[in-house]
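Reading the structure
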Amino acid sequence: MSVNIHGKIYITVAERLALAKKDIDSITTEVLYQTPVVIKATITFTSGKKTTGISAANPDKSIEKMSPYEVAETSAVGRA
């Protein structure tokens, strides 16, 4: 479901993945650093094309402090 953030429509990662599902062959993630948590995601498409995204958790935000790996991974996949 799309959400409105500061007056702009944001398509959630789950929604983007659902739209691209038929074209995605695989999604892999890798921890690049643990302090701070930095995750790299790679999406391989059925066409053979690959794209990557990287995200770091912000320990100053409560949800990211509680679940830094999950938050960084979701953001990295969304960016990829």
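Residues numbered from 1 in each chain as written. Predicted model: local features only at pLDDT ≥ 70, side-chain atom pairs only at ≥ 80, totals over all residues. Heavy atoms only, no water.

1. Brief notes about the sheet that holds strand 3 (residues 24–34)
Taken together, the three strands give an open sheet; going across it, the order is 3-4-5, and neighbouring strands pair in antiparallel fashion. The open sheet has two free edges, formed respectively by strand 3 and strand 5 (50–56), since each of these has just one partner strand. Neighbouring strand axes in the sheet, compared pairwise and without regard to direction, differ in orientation by 15° on average. Where strand 3 lies against strand 4 (residues 37–45), nine bridges are found, and the strand directions are antiparallel. Counted as the bridge partner of Ser26 is Thr44 from strand 4. Strands strand 3, strand 4 and strand 5 of the sheet are contacted by helix 3 (residues 68–79), whose axis makes an angle of about 35° with strand 4. (Pairing = 2+ DSSP bridges. Helix = DSSP H or I, 4+ residues; strand = E, 2+ residues; numbered from the N terminus. Axes fitted to C-alpha atoms, helices over the stretch in contact; angles between N-to-C directions. Contact = heavy atoms within 4.5 Å.)

2. Side note on the pattern of salt bridges
Tallied over the entire structure, the rule returns one salt bridge. Across the pair Asp23 and Lys22 runs a salt bridge, and its minimum N-O distance is 3.6 Å. According to the relative accessible area criterion, Asp23 is partly exposed, its value standing at 34%. Judged by relative accessible area, Lys22 falls into the exposed class, the value being 66%. (Salt bridge = Lys/Arg side-chain N within 4 Å of Asp/Glu carboxyl O. Buried < 20%, exposed > 50% of the residue type's maximum accessible area, 1.4 Å probe, protein only.)

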